[in-house]
Amino acid sequence: METITLALSKGRIFEETVPLLAAAGITPTCDPEASRQLIISTNLPHVRLLIVRATDVPTYVQYGGADLGIAGKDVLLEHGGEGLYQLLDLGIARCRLCVAVPRTFDYAQAVRLGSRIRVATKYLKSARAHFAAKGVHVDLIKLYGSMELAPLVGLADAIVDLVSTGATLRANGLVEVETIAAISSRLVVNQAALKVKRALLQPLIDVFEEKSRDRI
Ligand code: PRP
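Report on the accompanying structure. (Residues numbered from 1 in each chain as written. Predicted model: local features only at pLDDT ≥ 70, side-chain atom pairs only at ≥ 80, totals over all residues. Heavy atoms only, no water.)

Topic: the nonpolar core
Okay, step 1: In terms of nonpolar packing, the biggest core is built from 28 residues, with I117, V119, F131, I159 and V160 touching the most fellow members.
Okay, step 2: Counting residues per element, the ones that place at least two in this core are β6 (95-102), α4 (107-112), β7 (117-121), α5 (124-134), β9 (158-163) and β10 (174-183).
Okay, step 3: Broken down by element, this core gets its largest block of residues, 6 residues, from β6.
Okay, step 4: Setting aside anything within four residues of it in sequence, one finds I117 in contact with Y107, A110, V111, V136, H137, V138, D139, D157 and A158. (Core = buried A, V, L, I, M, F, W, Y, C linked by side-chain atoms within 4.5 Å. Buried < 20%, exposed > 50% of the residue type's maximum accessible area, 1.4 Å probe, protein only. Helix = DSSP H or I, 4+ residues; strand = E, 2+ residues; numbered from the N terminus. Contact = heavy atoms within 4.5 Å.)

Here's what the structure looks like:
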């Protein structure tokens, strides 16, 4: 039997994908928050979900470990998109990729004076491209999470990170100074799978497209 494998991460992306799956008549058999299972079956015997780290979704799809994936634009920008087609902006898990600094740091002045700014981020590619385009000199420090901490302990002057409600920035005395990109989650597909399994995948893609149309 031909199968459909969809890779996605737990948390906000999974929660906001459940209604899209429901519209296609697909119900996961368990909740990844409550289960340690990494392959989640659904009510449809030929459809299964892979629960992977958000940053690994494009890799699973690129190498054919999954036919389809749902990943944030932030993750896709860092991955580069090789071997994938970005089919749809699903309009879910919206946030923005921003530059933020401590309230006490005069970012505009540092830029004006041409100072080197130390920036902590896990988004090296996006940060490098952003500051290069603005002609701002930066030293980038790669972190894997809790970026907001870096300026508080003198590891960096600024961070590049995702901001949704702004609560994490506020709680750590940081302010947004630039928006790099608006972020939302995209449906990506393995290029070979789209050719070979088009008849099976297209109805699901069509439902996702219809459901996301009003969101974007
Ligand atoms: C993200 C992001 C910020 C926070 C922003 O982290 O890195 O820390 O959410 O959200 P807010 O503006 O609503 O406060 P997440 O909790 O996803 O964990 P991560 O550090 O592993 O990415």
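Focus on the pairing of β6
Okay, step 1: Most of β6 is tucked away, with 7 of its 8 residues classed as buried.
Okay, step 2: Sheet topology places β6 next to β9; 5 bridges connect them, and they run antiparallel. Note that in β9 the partner of L97 across the bridge is L162. (Pairing = 2+ DSSP bridges.)

Description of the site of the ligand
Okay, step 1: Neighbouring the ligand are K122, S146, E148, D161, L162, V163, S164, T165, G166, A167 and T168.
Okay, step 2: Between the ligand and T165 there is a distance of 2.5 Å, counted from an oxygen atom to a side-chain nitrogen or oxygen.
Okay, step 3: In the model, an oxygen atom of the ligand is placed 3.5 Å from a nitrogen or oxygen of the A167 main chain.
Okay, step 4: Here the ligand, which alone exposes 500 Å², has 59% of that area covered by the protein.
Okay, step 5: Comparing atom positions with the cavity grids shows the ligand to sit within the largest pocket.
Okay, step 6: By residue number, the principal contributor to the shell around the ligand is β9, which donates 3 residues.
Okay, step 7: Each residue belonging to the shell around the ligand can be placed in one class, and the counts come to 3 nonpolar, 5 polar and 3 charged. (Near = heavy atom within 4 Å. Polar contact = N/O pair within 3.5 Å; in protein donor to acceptor, adjacent residues only side chain to side chain. Areas by Shrake-Rupley, 256 points an atom, 1.4 Å probe, with all protein chains shown as cover. 1 Å grid on protein atoms, 1.4 Å probe; cavity = no way out; pocket = protein on both sides within 12 Å on 5 of 7 lines; lining within 4 Å. Sits in = over half its atoms within 2 Å of the grid points. Nonpolar A, V, L, I, M, F, W, Y, C, P; charged D, E, K, R; others polar.)

With respect to the sheet that holds β7
Okay, step 1: Pairing in this open sheet of 5 strands is mixed, and the strands run β8-β7-β9-β6-β10 from one edge to the other. The open sheet terminates on both sides in strands that have one partner only, identified here as β8 (138-142) and β10. Going from strand to strand, the sheet's axes swing by 30° on average, the running direction of each strand aside.
Okay, step 2: Taken together, the 5 bridges between β7 and β8 define a ladder with parallel strand orientation. In the sheet register, V119 faces β8, and the bridge partner there is L140. (Axes fitted to C-alpha atoms, helices over the stretch in contact; angles between N-to-C directions.)

Here's the deal with the sheet that holds strand β2 (residues 39-41)
Strand-to-strand pairing in sheets goes through backbone hydrogen bonds, with the strands running parallel or antiparallel.
Okay, step 1: Strand order across the open sheet formed by 6 strands is β2-β3-β1-β4-β11-β5, with mixed pairing between neighbours. With partners counted over all chains shown, the strands left at the sheet margins are β2 and β5 (84-89), one partner each. Here the strands of the sheet are splayed against their neighbours by 25° on average, with no regard to which way each runs.
Okay, step 2: Of the strand pairs in this sheet, strand β4 (residues 68-72) and strand β11 (residues 185-190) are connected by 5 bridges, and their pairing is antiparallel. Residue pairing in the sheet places L68 in a bridge with V189 of β11.
Okay, step 3: Across the face of the sheet, helix α1 (residues 12-23) comes into contact with β1 (4-8), β3 (47-51), β4 and β11 while running at roughly 145° to β1.

A word on the layout of surface pockets
Okay, step 1: The space that makes up the largest pocket amounts to roughly 840 Å³.
Okay, step 2: Lining of the largest pocket is provided by 35 residues; of these, A54, D74, K122, Y123 and L162 occupy positions nearest its centre.
Okay, step 3: At the level of secondary structure, the elements contributing two or more residues to the lining of the largest pocket comprise α1, α3 (73-79), β6, β9 and α6 (167-171).
Okay, step 4: Looking at which element gives the most residues to the lining of the largest pocket, the answer is β9, with 4 residues.
Okay, step 5: The class makeup of the residues in the lining of the largest pocket is 16 nonpolar, 10 polar and 9 charged. (Points joined across faces, edges and corners; volume = space filled by probe spheres on them.)

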